[in-house]
There are 2 protein chains.
Amino acid sequence: MKEPPPLRKDVCMNKKKPTYSDISRITGVSMATISRIINNSGSVKPETRQKVMGVMKSLGIDTSELSIIPRESNLIIFNVPSFDNPFYSTIIHGAKASAKRNSFTLLINEENIQDRNVDEFTALLKKSKATGLITTNQLAPHILEKLDRTVPVVQCCECIRDLDIPFVTINDVATAHMAMEHIIALGRKKIAFINGPIRYKYAQDRLKGYIQALEYAGIQKDQDMIIQLSEINFDMAVSAAIQILNSPKRPDAFFTSSDVYAAAVIKAAKRLGIQVPRDVVVVGFDNVEISSMCNPSITTVNQPRYQLGFLSCEILVKRINNDPTIVGSMYLETELIIRESSSISLNYQES
Amino acid sequence: MKEPPPLRKDVCMNKKKPTYSDISRITGVSMATISRIINNSGSVKPETRQKVMGVMKSLGIDTSELSIIPRESNLIIFNVPSFDNPFYSTIIHGAKASAKRNSFTLLINEENIQDRNVDEFTALLKKSKATGLITTNQLAPHILEKLDRTVPVVQCCECIRDLDIPFVTINDVATAHMAMEHIIALGRKKIAFINGPIRYKYAQDRLKGYIQALEYAGIQKDQDMIIQLSEINFDMAVSAAIQILNSPKRPDAFFTSSDVYAAAVIKAAKRLGIQVPRDVVVVGFDNVEISSMCNPSITTVNQPRYQLGFLSCEILVKRINNDPTIVGSMYLETELIIRESSSISLNYQES
């Protein structure tokens, strides 16, 4: 093995801790490559790896944690509960971009992880030599902890906040409150809420935001106006919307925890000859493609989906690499996108 | 190692080739487990495996191809070009069900495989120890052959038919012809066709079916009525539809090679105050969720997506296991689902 080049005086005399840029200057190796070596990831020529580690040692940096042979696998598994929900595609794009940037491979698995199949799932993680897991699932705490004992985990979107497992999500309470404020500002008071399965944290929090906004506006909560569905299913939501629109308590607005439900309300209104937004204002959640495809197009909440995926994977890579600069968890900003289904002031004409 | 149990007389005297059921009877091991052993897959106790193989040997069955240690990996990669297309979710469900049934694990990758990244992709296959690949991508022949030299490949939906690589797909020419016949039967003659990127086999074939149907009906083909878009993009299709609807050649019907395009035509018609289906009949393709969510709901072609995925994976497993009962390739049946966007006879009223 060749000796590392002698240290340059300007670095030796500097009492400060050597930086990536010092190592880059001495070795002539790019910062990106040095980062890959320090993070034990692949795609670095063995000679380059040896050269950089030699210089690091001579600078007094502890290289005992680093390996001449990079880790065997760079596989990250991204688990989604269901591909039927178009919500995940952009999140996956973000996570994939981060994985690539960090020389990791990201593969996607679709599984609703429960007690009955968690062992099968951890066997999959081991068999595929996965180094980390991003989950967007609603999981029981003991299952999440079990997964985290198998490989480092980051929770994306749906999460349990009181475990010591990082998450990247949005503030669903505040976001639902904001969407409701928009509806209330239009003068609507009989606001129905169609919500997803209440076992999900997002559903619990959006319900809280809905109730909070009613309280702030001094509107009496009416339990009949809260429709809890057992799954995100278009036909089920059409039936539920028709039922309440045909009842004596006909709502003058709908807030829904998913754009699929909002599209269902529009379908139901159409069948009953009720005009959206004139008779009934509709606001959805998630800004998936159907929200702009619908007629009228749907006012909705945009989640920064690409960023949710990207940052989840960035945090996971830091966990895998035991990087001390790791940020624990994050709440990302949301925004309301106002479209035809709530544009009364724009004097929207249904054709 | 314990000796296998002595052979029962009724089997020994039978000159026929012993069957799974004979082995099961002698060993007391279930047929499913015997199948897993013969297919070299995991999830079988080593003792059971040894016992069954001992009996098989004594029955004169060649067990030299079978291993006491099952293959290291049971991973199948299912590659999609893009998660943005909701078309793939049900196909993946089908493939996953088949993988599970055969004791394989299926993980999903999203990659547009081209010359620039094919080496990266084959590296992924090797690193993850994948045993097989299902691809739904449009691939250059030399790339497909390269992938097939790395692991056994089955093509699903999009395929190159003249290579010796199995495929499971539909007959796009005949299906497009059938959809066009429905439009022509409604008395429409000015039928526009919005098509996806022509590099895809499905786009080439659906165009053929469109032209064939016009010829059969004695309708002159008009090149201005054929709109080739460079991607499956809703906004792009809305613009294209507005342009042709505003032109002197305004179509009285649209056939589109994707439901996303059909939804875009409905949006464009709405903006221009043109009624669907009265003024313009619209027929899509794929029967994705938006086709029933749209107002009016969209007449479309249903592909047997679950079966496409399931059978692709069944064939792949047989390829992996060198199973002589393998079926080469398959064309599956399609059906036309008639909804509001072409229901003139039902006297559909736009509200």
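Cut-offs and rules
- Going along each chain's sequence as written, the residues are numbered from 1 onward.
- Chains and ligands are labelled sequentially in the order written, the chains with letters from A and the ligands with numbers from 1.
- Totals for whole chains, interfaces and linings use all residues, but because this is a predicted model, local features are given only for residues with pLDDT of at least 70 and pairs of side-chain atoms are given and counted only at 80 or more.
- To obtain the side-chain values, all non-hydrogen atoms of the structure were included, while hydrogens and water were left out.
- Think of it this way: any DSSP run of H or I at least four residues long counts as a helix, any run of E at least two long counts as a strand, and we number them from the N terminus.
- Polar contacts here mean pairs of N or O atoms no more than 3.5 Å apart (in protein, one a potential hydrogen donor and the other a potential acceptor; neighbouring residues in sequence count only if both atoms are side-chain atoms).
- In this description, contact between two residues means that some pair of their heavy atoms is separated by no more than 4.5 Å.
- The salt bridge criterion pairs a side-chain nitrogen of Lys or Arg with a carboxyl oxygen of Asp or Glu, the two atoms within 4 Å.
- One less than the number of residues in a helix, times 1.5 Å, gives the span that helix is expected to have.
- Burial status follows relative accessibility: with a 1.4 Å probe on protein chains alone, a residue under 20% of its type maximum counts as buried, one over 50% as exposed, and anything between as partly exposed.
- Superposition of the copies was done by least squares, using only C-alpha atoms of residues whose pLDDT is at least 70 in both.
- Note that domain bounds follow an automatic or database assignment of domains.
- We call Phe, Tyr and Trp rings a pair once their centres come within 6.5 Å, taking the six-membered ring for Trp, and we label the pair stacked below 30 degrees between planes, edge-to-face above 60, and tilted otherwise.
- Whether a charge sits over a ring comes down to the Lys NZ or Arg CZ being within 6 Å of the ring centre and within 35 degrees of the ring normal.
- Strands qualify as paired when DSSP identifies two bridges or more between them.
- Axis angles are defined between N-to-C directions and span 0 to 180 degrees, where every axis is a line fitted to C-alpha atoms and, for a helix, only to the segment in contact.
- Roughly parallel here means an angle under 35 degrees, roughly antiparallel means over 145, roughly perpendicular means 65 to 115, and every remaining angle is called oblique.
- Throughout, a crossing is termed right-handed when the near helix is turned clockwise from the far one, and left-handed when it is turned anticlockwise from it by less than a right angle.
- Under the scheme applied, nonpolar residues are Ala, Val, Leu, Ile, Met, Phe, Trp, Tyr, Cys and Pro; charged residues are Asp, Glu, Lys and Arg; polar residues are all the others, including Gly.
- Clockwise travel from the first strand over the helix to the second, with the strands pointing away from the viewer, marks a crossover as right-handed.
- Residue-level confidence of the predictor is what pLDDT reports, using numbers from 0 through 100.

Regarding the environment of Thr325(B)
All names here are of chain B.
Right, so step 1: Relative to the helices and strands, Thr325 is located in the loop between helix 13 (305-320) and strand 11 (330-332).
Right, so step 2: With 10 residues separating them along the chain, Thr325 and Ile315 place their C-alpha atoms 9.6 Å apart.
Right, so step 3: Separated by 2.8 Å, the side chains of Thr325 and Lys318 make a polar contact.

Section: the interface of chain A and chain B
Reports often express the size of an interface as the amount of accessible area lost when the parts come together.
Right, so step 1: At the interface, 36 residues of chain A touch 36 residues of chain B.
Right, so step 2: Counting across the interface, chain A meets chain B through 4 salt bridges.
Right, so step 3: The closest approach of N and O atoms between Lys100(B) and Glu120(A), which form a salt bridge, is 3.6 Å.
Right, so step 4: Inspection of the region where chain A meets chain B yields 13 residue pairs in polar contact (both at pLDDT 80 or more).
Right, so step 5: Among the elements of the structure, helix 5 (88-101), strand 2 (105-110), helix 6 (118-127), helix 11 (259-272) and helix 12 (290-293) of chain A are those that each provide at least two residues to the side of chain A that touches chain B.

What about helix 5 of chain A?
Residues and elements named next belong to chain A.
Right, so step 1: In a regular helix each residue adds 1.5 Å, so 14 residues correspond to 20 Å; helix 5 covers 20 Å between its end C-alpha atoms and thus fits that length.
Right, so step 2: For helix 5, the complete set of buried residues consists of Tyr88, Ser89, Ile91, Ile92, Gly94, Ala95, Lys96, Ser98 and Ala99.
Right, so step 3: Looking at the residues trailing helix 5, positive phi occurs at Ser103, about 60°.

Regarding the relation of the copies chain A and chain B
Right, so step 1: Taken as rigid bodies, chain A and chain B are interconverted by a rotation of 179° and an axial shift of 0.0 Å, the fit giving an RMSD of 0.2 Å. On the angle and the small slide along the axis, the relation comes out as a two-fold axis. In terms of proximity to the rotation axis, the leading residue of chain A is Ile108(A), whose C-alpha is 2.3 Å off the axis.

Focus: the domain arrangement of chain A
Right, so step 1: With domains assigned, chain A is organised as domain 1 (9-58), domain 2 (75-170 + 305-333) and domain 3 (172-303 + 337-348).
Right, so step 2: Summarising the inter-unit geometry, the C-alpha centres of domain 1 of chain A and domain 3 of chain A are found 55 Å apart.

Digging into the packing of aromatic side chains
Residue and element names in this part refer to chain A.
Right, so step 1: Counted under the stated rule, the structure contains 15 aromatic pairs over all chains.
Right, so step 2: Judged by centre distance (5.5 Å) and plane angle (70°), the rings of Phe87 and Tyr88 are edge-to-face.
Right, so step 3: Aromatic pair Phe167 and Tyr331: ring centres 5.6 Å apart, planes at 75°, arrangement edge-to-face. Of this pair, Phe167 sits in strand 5 (residues 167-170) while Tyr331 sits in strand 11 (residues 330-332); the two residues are 164 residues apart in sequence, bridging distant segments of the chain.
Right, so step 4: Relative accessible area serves as the criterion here: at 7%, Phe167 is assigned to the buried category.
Right, so step 5: By way of ring pairs, the aromatic residues Phe193, Tyr210, Phe255 and Phe285 are connected into one cluster.
Right, so step 6: The ring of Phe285 is capped by Arg206, whose NZ or CZ atom sits 3.6 Å from the centre of that ring.

Quick look at the sheet that holds strand 6 (residues 191-195) of chain B
All names here are of chain B.
Right, so step 1: The 4 strands are arranged 7-6-8-9 in an open sheet whose pairing can be described as parallel. Pairing within the sheet leaves two strands with one partner each, and these edge strands are strand 7 (226-228) and strand 9 (281-283). Neighbouring strand axes in the sheet, compared pairwise and without regard to direction, differ in orientation by 15° on average.
Right, so step 2: Note: strand 6 against strand 8 (residues 253-256), 4 bridges, orientation parallel. Bridging across to strand 8, Ile194 finds its partner in Thr256.
Right, so step 3: Here helix 8 (residues 172-185) sits on the sheet and contacts strand 6, strand 8 and strand 9; the angle it forms with strand 8, its principal contact strand, is near 170°.
Right, so step 4: Strands in contact with helix 9 (residues 201-217) are strand 6, strand 7 and strand 8; relative to strand 6, the strand with the most contacts, it is inclined by about 170°.

What about the packing of helix 10 (residues 234-246) of chain A against helix 11 of chain A?
Residue and element names in this part refer to chain A.
Right, so step 1: With their axes 8 Å apart at the nearest point, helix 10 and helix 11 run at an angle of 50° to one another. When the interaxial angle is binned, helix 10 and helix 11 end up oblique. In the crossing of helix 10 with helix 11, the sense of the turn from one axis to the other is right-handed. Seen from helix 10, the contacting residues are Phe234, Ala237, Val238, Ala241, Ile242, Leu245 and Asn246; seen from helix 11, they are Val260, Tyr261, Ala263, Ala264, Val265, Lys267, Ala268, Ala269, Arg271 and Leu272.
Right, so step 2: Residues belonging to the contact of helix 10 with helix 11 are distributed by class as follows: 14 nonpolar, 1 polar and 2 charged.

What to know about the packing of helix 5 (residues 88-101) of chain B against helix 13 of chain B
Residues and elements named next belong to chain B.
Right, so step 1: For the pair helix 5 and helix 13, the least separation of the axes is 6 Å and the interaxial angle reads 35°. Read as a crossing pair, helix 5 and helix 13 show a hand that is right-handed. Residues Thr90, Ile91, His93, Gly94, Ala95, Ala97, Ser98, Ala99 and Arg101 of helix 5 form the contact with helix 13, whose participating residues are Arg305, Tyr306, Gly309, Phe310, Cys313 and Glu314.
Right, so step 2: Grouping the amino acids of the contact of helix 5 with helix 13 by side-chain chemistry returns 7 nonpolar, 5 polar and 3 charged.

Topic: unusual backbone geometry
Right, so step 1: With an omega dihedral of -5°, the bond running from Asn295(A) to Pro296(A) counts as a cis peptide bond.
Right, so step 2: As for its placement among the helices and strands, Pro296(A) is situated in the loop between helix 12 and strand 10 (300-302).
Right, so step 3: Positive phi, close to 60°, is recorded for Ser103(A), a residue that is not glycine.
Right, so step 4: Phi angles above zero are rare outside glycine, and Cys157(B) is one such case at about 70°.
Right, so step 5: Mapping Cys157(B) onto the fold places it in the loop between strand 4 (153-156) and strand 5 (167-170).
Right, so step 6: Exposure remark for Cys157(B): the relative accessible area of 11% places this residue in the buried category.

Regarding the environment of Pro248(A)
Right, so step 1: When you line up the elements, Pro248(A) lands in the loop between helix 10 and strand 8 (253-256).
Right, so step 2: Taking C-alpha positions, Pro248(A) is 51 Å from Thr122(A), a pair spaced 126 residues apart along the chain.

Notes on the sheet that holds strand 8 of chain A
To summarise the sheet geometry, strands pair through backbone hydrogen bonds and adopt either a parallel or an antiparallel arrangement.
All names here are of chain A.
Right, so step 1: Pairing is parallel across the open sheet formed by 4 strands, whose spatial order is 7-6-8-9. The open sheet has two edge strands, strand 7 (226-228) and strand 9 (281-283), and neither has a second partner. For this sheet the average axis-to-axis angle between neighbouring strands, irrespective of direction, equals 15°.
Right, so step 2: Where helix 11 meets the sheet, it contacts strand 6 (191-195), strand 8 and strand 9, and its direction lies at approximately 155° from that of strand 8.

Digging into the pairing of strand 3 (residues 130-135) of chain B
Residues and elements named next belong to chain B.
Right, so step 1: For strand 3, the tally of buried residues reaches 6 of 6 residues, placing the bulk of the element in the interior.
Right, so step 2: Relative to strand 3, strand 1 (residues 75-80) is paired through 5 bridges, and the arrangement is parallel. Opposite Phe78, over in strand 3, you have Ile134 as the bridge partner.
Right, so step 3: Bridging between strand 3 and strand 4 involves 3 bridges; their strand directions are parallel. Paired with Ile134 across the bridge in strand 4 is Val154.
Right, so step 4: Handedness of the strand 3-helix 7 (residues 141-150)-strand 4 crossover: right-handed.

Considerations on the confidence of the model for chain A
Residues and elements named next belong to chain A.
Right, so step 1: Taken over all residues, the pLDDT of chain A has a mean of 88, while the share at 70 or more is 88%.
Right, so step 2: The low-confidence segment residues 1-15, where pLDDT is below 50, has 13 contacts with residues more than four positions distant or belonging to other chains.
Right, so step 3: Residue range residues 346-351 is modelled with pLDDT below 50. Its contacts to residues more than four positions away, or to other chains, number 11 contacts.
Right, so step 4: Across the interfaces of the predicted complex, the ipTM metric reaches 0.73, alongside a pTM of 0.76.

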